[in-house]
Amino acid sequence: MSPKMNNLNLSSVIIYFFTVIYLGILILISVIDRKERKIDKNVLSAGIILSIFYMIYLYIADSSLIYNDILYLGIYIILLVLDTILLRKYAKDSYIVKILMLLNFVFIFTEIEITVFTITAVTIAVIVQNIIYKLTQKRYGNKKMKLEEIPLGFFIGVSNILILVVSGIFNMIG
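K.L.:
Hey, could you run me through helix 2 (residues 41–61) in this one?
P.N.:
In an α-helix, one full turn covers 3.6 residues, which means residues spaced three or four apart are oriented alike. Compared with the 30 Å implied by 1.5 Å per residue over 21 residues, the 30 Å span of helix 2 between its first and last C-alpha is a close match. Among the residues of helix 2, those classed as buried are Val-43, Leu-44, Gly-47, Ile-48, Leu-50, Ser-51, Tyr-54, Met-55, Tyr-57 and Leu-58.

K.L.:
Sorry, what's going on with the nonpolar core here?
P.N.:
As a rule of thumb, soluble globular proteins bury nonpolar side chains together. By size, the foremost hydrophobic cluster in this structure holds 36 residues, and its most contacted members are Leu-102, Phe-105 and Phe-109. Every element with two or more residues in this core is listed here: helix 1 (3–36), helix 2, helix 3 (66–90), helix 4 (95–135) and helix 5 (152–173). In terms of residue count, helix 4 provides more of this core than any other element does, 14 residues in total.

K.L.:
What is the right way to read the packing of aromatic side chains from this model?
P.N.:
In this description, an aromatic ring pair is defined by two values, namely the gap between the centres and the angle between the planes. Per the counting criterion, the structure on display carries nine aromatic pairs. With a centroid separation of 6.0 Å and 40 degrees between ring planes, the pair formed by Phe-18 and Tyr-57 is classed as tilted. Of this pair, Phe-18 sits in helix 1 while Tyr-57 is found in helix 2, placing the two residues 39 residues apart along the sequence. Note on accessibility: Phe-18 and Tyr-57 belong to one class, buried.

K.L.:
Is there a simple way to explain helix 3 in this structure?
P.N.:
Given a rise of 1.5 Å per residue, 25 residues ought to cover 36 Å, and the 36 Å separating the end C-alpha atoms of helix 3 matches this to within 8%. Restricting attention to buried positions, one finds in helix 3 the residues Asp-69, Tyr-72, Tyr-76, Leu-79 and Asp-83. Tucked into the core, helix 3 has its buried residues touching helix 2 and helix 4.

Rules used throughout
Residues numbered from 1 in each chain as written. Predicted model: local features only at pLDDT ≥ 70, side-chain atom pairs only at ≥ 80, totals over all residues. Heavy atoms only, no water. Helix = DSSP H or I, 4+ residues; strand = E, 2+ residues; numbered from the N terminus. Expected span 1.5 Å × (residues − 1). Buried < 20%, exposed > 50% of the residue type's maximum accessible area, 1.4 Å probe, protein only. Core = buried A, V, L, I, M, F, W, Y, C linked by side-chain atoms within 4.5 Å. Phe/Tyr/Trp six-rings, centres within 6.5 Å; stacked < 30°, edge-to-face > 60°. Contact = heavy atoms within 4.5 Å.

This is the structure we're talking about:
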């Protein structure tokens, strides 16, 4: 076996490893958010650590990507500082900041095109959920749906996984 072929297999195994863990973290975040409507701090932290290791791997594979990695890390640092400030000020986690961290996590692994498709799918899913809720609102005693009740992490996770599957199918076909 040639060294190039061996290197290709090692690279494929490493990418597969990162992909499996990425999907596992995304599924965990989605399930927890669907049930409790919160982004679990420990699972999100595992995702941040995984994305840092992924960025290190990408830097080793192609050092020209360092500027992107610095930007991603800068976004994480800003969001972590903001989350800490809000936690100290209001004594509770900020769901929106956690969603932004989740989107940064998704962006690191899937790049801009898949992330934009994911955000678009989430927007459509939220709109459809609101329409369905409005149509069945009388059944719930005309209670209004609040933005705080929508499990955005669940929608992000499910949408991203579905888009990755569809993207993979299109890549295999074409």
